[in-house]
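Examination of the molecular architecture
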Amino acid sequence: MTGTEEPGVRLPQLKLDELLEELQARIDAARGTRDRVHSLLEAVLSVGRELELEQVLHSIVEAAAALVDAEYAALGVIGPDGTSLAAFHTVGLSEERIAEIGPYPEGHGILGELIRHPEPLRLPKLSAHPASYGFPSGHPPMNTFLGVPIRVRDQVFGNLYLTEKRGGADFDEEDESVLATLAVAAGVAIDNARLYEDSRLRERWLLANAEISHSLMSGSERAEALDLIAERAREITGSALGAVAMPMPDTEALGVEIAVGAQSDAHRGLVLPLDHSLMGLAFTAAAPVTSDDVAHDPRVSQDPPRFDGLGPAVAVPIGTGEGGARGVLLLARESDRPAFLDKETEMLRGFAAQAAIAMELAERRQAAQQIALLEDRDRIARDLHDLAIQRLFATGMTLQSAGRFIEHPEASERVLRAVDDLDETIKIIRSTIFGLRAREGAAAGGLRARVVRVVGEAAPVLGFAPSVRMEGLVDTDVPGEIADHVVAVLSEALTNIARHAHADRAEVLLATDGREVRLWVRDNGVGIPCGGRRSGLRNMAERAERLGGRLDVGKSGGGGATLEWRVPLPAS
């Protein structure tokens, strides 16, 4: 019986072993699922803890690689055009390997497939897909692939790319499901980081506006306020160059009063036409004007060269109310930096509008103070006229009448001298009254505006518009008599270029440091011949000598002529 019973005992034992093995496998699977869910929750929490956008993106890539056990992971951020990658964050590649591979991908091949069709994509072999066309030199070999899009508020922000699952296995449905769940959490974290970034950026703009308003209302000069506007805007937007141009009176041009950062020396003092400059276009349209590459923008005159190494740029009008733009703010980034986004331009426009309001309030305050000062002068002049002069005049008449009764010659002479002194005093007071009541009326035009007019009038004769740059307090430091000579010399110099130089380019620089004024004119023509007429140059030299200055004439680097006319300014 025992021999016949042994098979019956072994059969249940085998079934029990199979059941135990299956149960152990299910327990292991459940434990693995539990551990994976735990890892997913930890990844979601770690991603959600960050607020800095760059750190959030890096945390997402690291978490994705760890969750699906991938050797390489990347997050590609889709650019504003919606067809290419604007940024690329990687895990698994060393800095040396990245440098060896070269520039980051722009979104072609398999990466572009996910951009065009934002749905999960799982491949056992990358090279087998029709969109694949290989890797660049130095790129590590990659076969298995898993890609998942990241959406932020129903808009595709970018894609997660995972390759080379460790152990040689393929990515499975569970990997795809886990990664899709992480992508949802990543979208929320990216949105939060963006909102945080926006709030911080707005805070910086508000602080900058408060600083400018405080500076203006504290009585700072306009130049200091404009410098502050350019510097703060440049810092906040990460720009290389910041410049502010203001309209020049009685001309159709803008004068660059402030320039900070890269190429600032080439911009400072430039006189820009309204139709061939980014700032002029923004001023005319009273709206922001952007350029993806200002150094090669056909709308912008490149003469004189002033955008070397610069690319994306934006010009924003300062104030666009009923009175129109008060000026223009220009910002330009280095050529390898991203273009200005609409959101950045909108914030910049708000900043410029607030700065314009602060400038207007400061000007009205100064005008009120000026009116109060003039009213006080009028009161003093009226009191001097109605009280002081009348009393002095009456005293003089009394002394003059009394002098007839004085018989002593010396006493009579002293009384007459006193009467004469009173007459002189009355004349002095009358002169003072005239000075107090005089208004500082605007002259027929400042030297800055007159120079722009002369250059503009010469342009049709020359066949081109010379570039103009002005430095220093040209209108206030240069007296009227010397200003007349400057205008005459400039007109003569441009006429000579038109008649004799055969040039297609000329530059004009007018500068003053408070001690002397210097007019510098250069062209790229044929130069001044040795035996040519020099009556015009002699007139210019005589004007300089009469004022204690000199005229220097030489050859320019381009083969033309250079004229430098400089005279000292009278001590103030």
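On a predicted model such as this, the values are computed, not experimentally measured, just so you know. (Residues numbered from 1 in each chain as written. Predicted model: local features only at pLDDT ≥ 70, side-chain atom pairs only at ≥ 80, totals over all residues. Heavy atoms only, no water.)

So, on to the packing of helix α2 (residues 53-68) against helix α5 (residues 173-217). Think of two packed helices as two axes; the pair is described by the angle between the axes and how far apart they sit. At a closest axis distance of 10 Å, the pairing of α2 and α5 adopts a crossing angle of 170 degrees. As far as their axial angle goes, α5 and α2 are roughly antiparallel. For the pair α2 and α5, contact is made by L53, V56, L57, I60, A63, A64, L67 and V68 and by D175, V178, L179, L182, A186, A189, I190, A193 and E197, respectively. Along the lines of polarity and charge, the residues of the contact of α2 with α5 split into 15 nonpolar, no polar and two charged. (Axes fitted to C-alpha atoms, helices over the stretch in contact; angles between N-to-C directions. Helix = DSSP H or I, 4+ residues; strand = E, 2+ residues; numbered from the N terminus. Parallel < 35°, antiparallel > 145°, perpendicular 65-115°, else oblique. Contact = heavy atoms within 4.5 Å. Nonpolar A, V, L, I, M, F, W, Y, C, P; charged D, E, K, R; others polar.)

Backbone-to-backbone hydrogen bonds join strands into a sheet, with any given pair of strands oriented parallel or antiparallel. Strand order in the open sheet formed by eleven strands is β9-β10-β11-β6-β7-β8-β12-β13-β14-β16-β15, with mixed pairing between adjacent strands. In this open sheet, the two strands that pair with only one neighbour each are β9 (289-291) and β15 (550-555). Ignoring strand direction, the axes of neighbouring strands in this sheet form an average angle of 20 degrees. In the sheet, strand β6 (residues 241-247) pairs with strand β7 (residues 253-261) via seven bridges, with the strands oriented antiparallel. Across the sheet, residue P247 finds its bridge partner in β7, namely L254. Strands in contact with helix α6 (residues 222-237) are β6, β7 and β11 (327-334); relative to β7, the strand with the most contacts, it is inclined by about 60 degrees. In the packing of helix α13 (residues 480-501) onto the sheet, contacts are made with β13 (506-512), β14 (516-523) and β16 (561-568), and the angle to β14 comes to roughly 10 degrees. (Pairing = 2+ DSSP bridges.)

The next subject is the nonpolar core. Core analysis: the biggest nonpolar cluster contains 42 residues, and L447, M470, L490, L494, L510, L519 and W565 have the highest contact counts within it. Elements with a minimum of two residues in this core: α11 (447-462), β12 (467-471), α13, β13, β14, α14 (535-546) and β16. Examining the composition of this core, we find that ten residues originate from one element, α13, more than from any other. If we ignore the near neighbours within four places in the chain, the residues touching L490 are V451, V454, V455, V508, L519 and V521. (Core = buried A, V, L, I, M, F, W, Y, C linked by side-chain atoms within 4.5 Å. Buried < 20%, exposed > 50% of the residue type's maximum accessible area, 1.4 Å probe, protein only.)

Turning our eyes to something else, we now look at the pairing of strand β4 (residues 145-152). Among the eight residues that make up β4, seven are buried, leaving the element largely enclosed by the rest of the structure. With three bridges joining them, strand β3 (residues 121-123) and β4 adopt antiparallel strand pairing. Bridge pairing links R122 to L146 in β4. Pairing between β4 and strand β5 (residues 155-165): eight bridges, direction antiparallel. The residue of β5 that forms the bridge with V152 is Q155. Counted along the chain from β4 to the antiparallel partner β5, the turn is two residues long, and its residue R153 has a positive phi close to 55 degrees.

Below, the discussion takes up the pairing of β14. With seven bridges connecting them, β13 and β14 associate as antiparallel partners. Note on β14: the bridge partner recorded for V508 is V521. In textbook terms, the turn of a hairpin is the stretch between consecutive antiparallel strands, and for β13 and β14 this stretch comprises three residues, one of which, G514, has a positive phi near 90 degrees.

Turning our attention to α2. Its 16 residues give α2 an end-to-end C-alpha distance of 23 Å, which sits within 8% of 22 Å, the value for a rise of 1.5 Å per residue. Remark: D69 follows α2 within two positions and exhibits a positive phi of approximately 60 degrees. (Expected span 1.5 Å × (residues − 1).)

Attention shifts here to the pattern of salt bridges. Inspection of the entire model under this criterion finds 23 salt bridges. A salt bridge links R299 to D297, with the nearest nitrogen and oxygen atoms 2.8 Å apart. Its relative accessible area of 9% is what places D297 among the buried residues. Here R333 and E344 are joined by a salt bridge, their closest N and O atoms 2.5 Å apart. Residue R333 is located in strand β11, and its partner E344 is located in helix α9 (residues 342-402); the two are separated by eleven residues in the primary sequence. (Salt bridge = Lys/Arg side-chain N within 4 Å of Asp/Glu carboxyl O.)

The description of two aromatic rings rests on the distance between their centres and on the angle between their planes. Under the defined criterion, the tally for this structure stands at three aromatic pairs. Residues W205 and F351 carry aromatic rings whose centres are separated by 4.8 Å and whose planes lie at 40 degrees to one another, so their mutual orientation is tilted. Here the residue W205 occupies a position in helix α5, and F351 occupies one in helix α9, the gap between them amounting to 146 residues. Per residue, the accessibility class of W205 equals that of F351, and both read buried. Put simply, the rings of F88, F145 and Y161 pair up and form one aromatic cluster. In this structure, R333 is placed above the aromatic ring of F340, and the distance from its NZ or CZ to the ring centre is 4.0 Å. (Phe/Tyr/Trp six-rings, centres within 6.5 Å; stacked < 30°, edge-to-face > 60°. Lys NZ or Arg CZ within 6 Å of the ring centre and 35° of its normal.)

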